[in-house]
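Here's the letter readout for the chains.
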Amino acid sequence: MTHFIGIDVGGTKSAAVVIDESGATAARHWKEHQGRWQGRLLETVYSSIERVTAEGGIGLDQVGAFGVAVAGLVSRNQSTLVYSPIIRESHFDLGVRLSERLGRPVVVENDANATLYGITRHQRATSDRSPDESRVALLLTLGTGFGGAIMVGDRIIVGEHGFAAELGHLTVDYADERTCVCGSRGCIEQFASGRGIAELAAVTPPPPASRETLDGLGAIAPYSARDIVAAAEQGDPWATGLLTLCGAMLGRALSILCVTLDPTTVTIGGTFGHATGPWLLPSALEEMRNRSTYAAERPLPRLTMDAIGPYAAATGAAMLAAANFEKDRGQ
């Protein structure tokens, strides 16, 4: 049986999965890291491949193709990582270099695009509804950064240069003077992401009572996204207030997207998204209702959490690799 491997390279982790020809997961591997990718990207991806094949008990000769999901701008030819502020690489031809080493086809895709592709394929496999080629699906991935993806029917919208759907850089606060990694200001990534909320906490320090809560959790300033979520789980008003603000900003971004694209569904993914959903989603929905246009005629899209979970991007990358493999074999 032919297998396919997907690897997801993020800001704080690498995840890898093996799927078989039916799309079922045969093995997976997860490794946390400190974000030190620069100069080590190729070796780290290859190490993930070695580990996941070992866990799955399969050899490289049983793998038909590989997919790599990366947090950054990816070229239209699905090979070059053009720029990633999180991984700190630019103009790196990851696909070609991995393919030369592995002797197999390699497809490289933006992590949000890979995630939405995997989610859509998963939904299709578990639904008896026929696909609608006009259906617009959005994905917002809230991790260390903030990614986005758009699909119309079965097609991922990539744009002229492959950089479409960089939704984390929608402007939601024109008064915010903090500079985003993209060079602009007021981006949604500066609120609804792990990096964003940590920076927000640094400029909005906790009051004494909240500092006591954080001290009790063993948290040390500058506070991380995990510290803020842990404090919110204790009911701390400073932490829950930050998360509610982030949710409201997310609702602003979603309102812009609803006017522009009229989506059927909006899926929230990413490790930060999953951890903060109980606070972000209610606040986002309230903001969307307050900013809804033609509310009587156009209902809000269905807002859901990603059902695949932390391995969604890696799974989507493996599915993209399988789809390209079957397409090339059929030609």
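Structure: above.
Residues numbered from 1 in each chain as written. Predicted model: local features only at pLDDT ≥ 70, side-chain atom pairs only at ≥ 80, totals over all residues. Heavy atoms only, no water.

Ordered in space as β3-β2-β1-β4-β8, the 5 strands form an open sheet in which the pairing is mixed. Each edge of the open sheet is held by one strand with a lone partner, namely β3 (25-32) and β8 (106-110). Mean inter-strand twist for the sheet, computed between neighbouring axes without regard to direction, equals 15 degrees. (Pairing = 2+ DSSP bridges. Helix = DSSP H or I, 4+ residues; strand = E, 2+ residues; numbered from the N terminus. Axes fitted to C-alpha atoms, helices over the stretch in contact; angles between N-to-C directions.)

Here we come to the pairing of β8. With respect to burial, β8 is a largely interior element, 5 of its 5 residues being buried. The side-chain alternation of β8 yields two buried faces, one formed by Val106, Val108 and Asn110 and the other by Val107 and Glu109. Pairing geometry for strand β4 (residues 63-70) and β8, over 5 bridges, is parallel. Opposite glycine 67, over in β8, you have valine 107 as the bridge partner. (Buried < 20%, exposed > 50% of the residue type's maximum accessible area, 1.4 Å probe, protein only.)

Right, let's talk about helix α6 (residues 225-233) for a bit. Inspection of α6 places Ala225, Asp227, Ile228, Val229, Ala231 and Ala232 among the buried residues, and these make up the whole buried set. For α6, the elements touching its buried residues are α4 (194-203), α5 (208-216), α7 (237-261) and α8 (271-290). In the stretch just after α6, glycine 235 is the one whose phi turns positive, near 85 degrees. (Contact = heavy atoms within 4.5 Å.)

A few words now on the state of the cysteines. Taken as a whole and judged by the stated rule, the model has 0 disulfides. For the unlinked cysteine cysteine 180, the closest cysteine sulfur is that of cysteine 182, found at 3.9 Å. Cysteine 180 sits in the buried class, given a relative accessible area of 4%. Its sulfur unpaired, cysteine 182 is 3.8 Å from the next cysteine sulfur, which belongs to cysteine 187. The class of cysteine 182 is partly exposed, set by a relative accessible area of 40%. (Disulfide = S-S within 2.5 Å.)

The next point concerns unusual backbone geometry. In this structure, the amide linkage connecting alanine 221 to the following residue, proline 222, adopts the cis form with an omega of 0 degrees. Mapped onto the elements of the fold, proline 222 is located in the loop between α5 and α6. Backbone geometry places glutamine 78, a non-glycine residue, at a positive phi of 55 degrees. Within the secondary structure layout, glutamine 78 lies in the loop between β5 (73-74) and β6 (81-84). Look at aspartate 262: it is not a glycine, yet its phi comes out positive at around 50 degrees. Structurally, the position occupied by aspartate 262 is in the loop between α7 and β12 (265-269).

Looking now at the sheet that holds β5. Here 3 strands make up an open sheet; going across it, the order is β5-β6-β7 and the pairing antiparallel. The strands lining the two open edges of the sheet, one partner per strand, are β5 and β7 (89-92).

Attention now goes to helix α2 (residues 94-102). Looking at α2, one finds that the buried residues are Leu94, Gly95, Leu98 and Leu102. Within α2, the buried residues cover an arc of 90 degrees as seen down the axis, which keeps them to one side. Backbone geometry just after α2 places glycine 103 at a positive phi near 70 degrees. (Arc of directions from axis to C-beta.)

Summarising the element assignment, arginine 178 is placed in the loop between β11 (155-156) and α4. According to the relative accessible area criterion, arginine 178 is buried, its value standing at 15%. The spacing of arginine 178 and isoleucine 256 is 78 residues in sequence and 21 Å in space, taken between C-alpha atoms. When residues no more than four places from it in sequence are discounted, the contact partners of arginine 178 are Ser184, Arg185, Gly186, Gln190, Phe191, Gly196, Glu199, Leu200 and Val203. A polar contact is formed between the side chain of arginine 178 and the side chain of aspartate 176, at a distance of 2.8 Å. (Polar contact = N/O pair within 3.5 Å; in protein donor to acceptor, adjacent residues only side chain to side chain.)

At a closest axis distance of 7 Å, the pairing of α6 and α7 adopts a crossing angle of 115 degrees. Between α6 and α7, the interaxial angle falls into the category roughly perpendicular. For the pair α6 and α7, the crossing hand works out as left-handed. Facing α6, whose interface residues are Ile228, Ala231 and Ala232, α7 presents Trp238, Ala239, Thr240, Leu242 and Leu243. (Parallel < 35°, antiparallel > 145°, perpendicular 65-115°, else oblique. Left-handed = near helix turned anticlockwise from the far one by under 90°.)

Before going further, it helps to spend a moment on the nonpolar core. If you look at the biggest cluster of nonpolar residues, it comprises 41 residues, and the most contacted ones within it are Leu140, Leu142, Ile188 and Leu250. Listed by contribution, the elements that provide at least two residues to this core are β9 (136-142), β10 (146-152), α4, α6, α7, β12 and α8. Among all residues touching leucine 142, those that are not within four sequence positions of it are Ala192, Leu250, Ile268, Gly269, Gly270, Thr271, Phe272, Gly273 and Leu280. Counting 27 residues, the second largest nonpolar core, distinct from the first, contains Ala69, Tyr117, Ala318 and Ala322. (Core = buried A, V, L, I, M, F, W, Y, C linked by side-chain atoms within 4.5 Å.)

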